[in-house]
Amino acid sequence: MSRSSFALDAVKLRPAIPAVNAVYRAKNGKDLNDNTSRELTAMLVLADAINRSGTGKPVDLQTALRATDIPGAQTIMPWKGVKFDETGQNTLCNPVIQQISGGSYRTIWPFDLAVMDAVWNVGM
């Protein structure tokens, strides 16, 4: 089992994942993963803040970033959303727990995203 900030199989709550992943895979020859999904999300959050700032001024961009409040359903991440606290940390991100099954990571928690139950290998 492993903790991750992304779940490629979280399509129940994030139906855009297959389409976004297909574009990424066509360009890079591999699927989105924990790191690449966060990089993509960061770029989209920054683009949103630039659009909302209305200028290229750093102060306006910082103000827009501080006001960011993106619902999780508008991202490919399994998070509750994107909203920053006074230290700049996203207070709405939450991890998933995954387990390798059939050679791929499969989400087992949180239960509303789970695609399988955890398999416990007792007696190993």
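This write-up is about the structure you can find in this document. (Residues numbered from 1 in each chain as written. Predicted model: local features only at pLDDT ≥ 70, side-chain atom pairs only at ≥ 80, totals over all residues. Heavy atoms only, no water.)

**Things to note about the pattern of salt bridges**
For the coordinates displayed, the defined rule picks out 4 salt bridges. One salt bridge connects D48 with R52, and the closest N-O pair in it is separated by 2.8 Å. Placement of both D48 and R52 in helix α2 (residues 34-53) is noted, with a separation of 4 residues, approximately one turn of the helix. Take D48: its relative accessible area is 26%, and that puts it in the partly exposed class. (Salt bridge = Lys/Arg side-chain N within 4 Å of Asp/Glu carboxyl O. Helix = DSSP H or I, 4+ residues; strand = E, 2+ residues; numbered from the N terminus. Buried < 20%, exposed > 50% of the residue type's maximum accessible area, 1.4 Å probe, protein only.)

**Here's the deal with the pairing of strand β4 (residues 96-101)**
As defined by bridge partners, strand β1 (residues 2-4) adjoins β4 across 3 bridges and the pair is classed as antiparallel. Its bridge partner being in β4, S2 is matched across the sheet by Q98. Sheet analysis places β4 next to strand β5 (residues 104-109), joined by 5 bridges and oriented antiparallel. From the neighbouring strand, Q99 faces β5, where its bridge partner is R106. (Pairing = 2+ DSSP bridges.)

**Considering the sheet that holds β4**
Ordered by their spatial adjacency, 3 strands build an open sheet running β1-β4-β5, and the pairing between neighbours is antiparallel. Edge strands, defined here as strands with exactly one partner in the open sheet, are β1 and β5. Strand-to-strand twist of the sheet, defined as the mean angle between neighbouring strand axes without regard to direction, takes the value 50°. (Axes fitted to C-alpha atoms, helices over the stretch in contact; angles between N-to-C directions.)

**Digging into the packing of α2 against helix α3 (residues 58-66)**
Where α2 contacts α3, the two axes come as close as 8 Å, and the packing angle between them is 120°. The angle between α2 and α3 places the two elements in the oblique class. α3 is crossed by α2, and the crossing has right-handed handedness. On α3, the residues that touch V45, L46, A49, I50, R52 and S53 of α2 are D60, L61, A64 and L65. Looking at the contact of α2 with α3, its residues break down into 7 nonpolar, 1 polar and 2 charged. (Parallel < 35°, antiparallel > 145°, perpendicular 65-115°, else oblique. Left-handed = near helix turned anticlockwise from the far one by under 90°. Contact = heavy atoms within 4.5 Å. Nonpolar A, V, L, I, M, F, W, Y, C, P; charged D, E, K, R; others polar.)

**Some words on the side chain of N94**
Within the fold, N94 resides in the loop between β3 (81-83) and β4. Separated by 3.1 Å, the side chain of N94 and the backbone nitrogen of K80 make a polar contact. Not counting the four nearest positions on each side in its chain, N94 is found in contact with P78, W79 and K80. (Polar contact = N/O pair within 3.5 Å; in protein donor to acceptor, adjacent residues only side chain to side chain.)

**Remarks on the nonpolar core**
Core analysis: the largest hydrophobic core is formed by 14 residues, its most contacted members being F6, A10, I17, L32, I76, M77 and V82. Beyond its immediate chain neighbours, meaning those up to four positions away, I17 contacts F6, A7, L8, A10, V11 and I76. (Core = buried A, V, L, I, M, F, W, Y, C linked by side-chain atoms within 4.5 Å.)

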